[in-house]
Amino acid sequence: MAKELNENTTFNLSLKTLGGIAALIFTLVSMWFVLQADIAEAKELPAPLPPDVTRMEFDMKDQLIRQTIMTTQKDVEEVKEDMKRIEEKLDKLIEKRR
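Along each chain, residues carry numbers from 1 onward, in the same order as the chain's sequence is written. The predicted origin of the model limits local features to residues at a pLDDT of at least 70 and limits the giving and counting of side-chain atom pairs to 80 or more, whereas totals for whole chains, interfaces and linings rest on all residues. Side-chain descriptors were evaluated using all non-hydrogen atoms of the structure, hydrogens and water having been removed beforehand.

The next subject is the overall build of the chain. A run of H or I in DSSP counts as a helix once it spans at least four residues, and a run of E counts as a strand once it spans at least two, with each numbered from the N terminus. When helices and strands are counted, the chain shows two helices and zero strands. Summarising its shape, the C-alpha atoms of the chain cover approximately 120 × 50 × 25 Å along the three principal directions. Within the span of the chain, comprising 98 residues, buried residues form 0% of the whole. Note on areas: Shrake-Rupley, 1.4 Å probe, and residue coverage restricted to the protein chains presented here. When the accessible surface of the chain is totalled, it reaches about 10,400 Å², and 63% of it is carbon and sulfur. Charged-residue counts in this description rest on Lys and Arg as positive and Asp and Glu as negative, His and the chain ends being excluded. The atom standing in for a charge is NZ when the residue is Lys, CZ when it is Arg, CG when it is Asp and CD when it is Glu. For the chain, the separation between the mean place of its 15 positive charges and that of its 18 negative charges on side chains is 11 Å. Buried residues are those whose accessible area, probed at 1.4 Å on protein chains only, stays under 20% of the maximum for their type, while exposed residues exceed 50% and partly exposed ones sit between those limits.

Set out below in structure tokens:
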């Protein structure tokens, strides 16, 4: 019971369906023109500014920060050693007073 398509075949569309198809086509065409206008505007904009920080400057600052951290770590270790020595001296003084 398959239907054949030939020159006598007809199909019906309601006005509601035709209106929906027209609205869809209108929407797509207007989106296309808006997109083309945005592309044209973007082409006219000035080129982006170069970055404020160059790669070399970033690397130098990074190296400086890492060096500072290492120096601080050494200083903290020295302070810890000094604290141990001070604690030992205090312990000796306390023992002498007893």
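What follows picks up the thread again.
Turning next to a nonpolar patch on the surface. Put simply, a patch holds well-exposed residues, over 30% relative accessible area, that have no salt bridge, with like charges counted together within 9 Å and Val, Leu, Ile, Met, Phe, Trp or Tyr side chains within 5 Å. Counted as salt bridges are all cases of a side-chain nitrogen of Lys or Arg within 4 Å of a carboxyl oxygen of Asp or Glu. On the surface, F11, L13, L15, L18, I21, I25, V29, W32, F33, L35 and I39 cluster together to form a nonpolar patch covering roughly 1,200 Å² of accessible area. Assignment of secondary structure puts W32 in helix α1 (residues 15-44).

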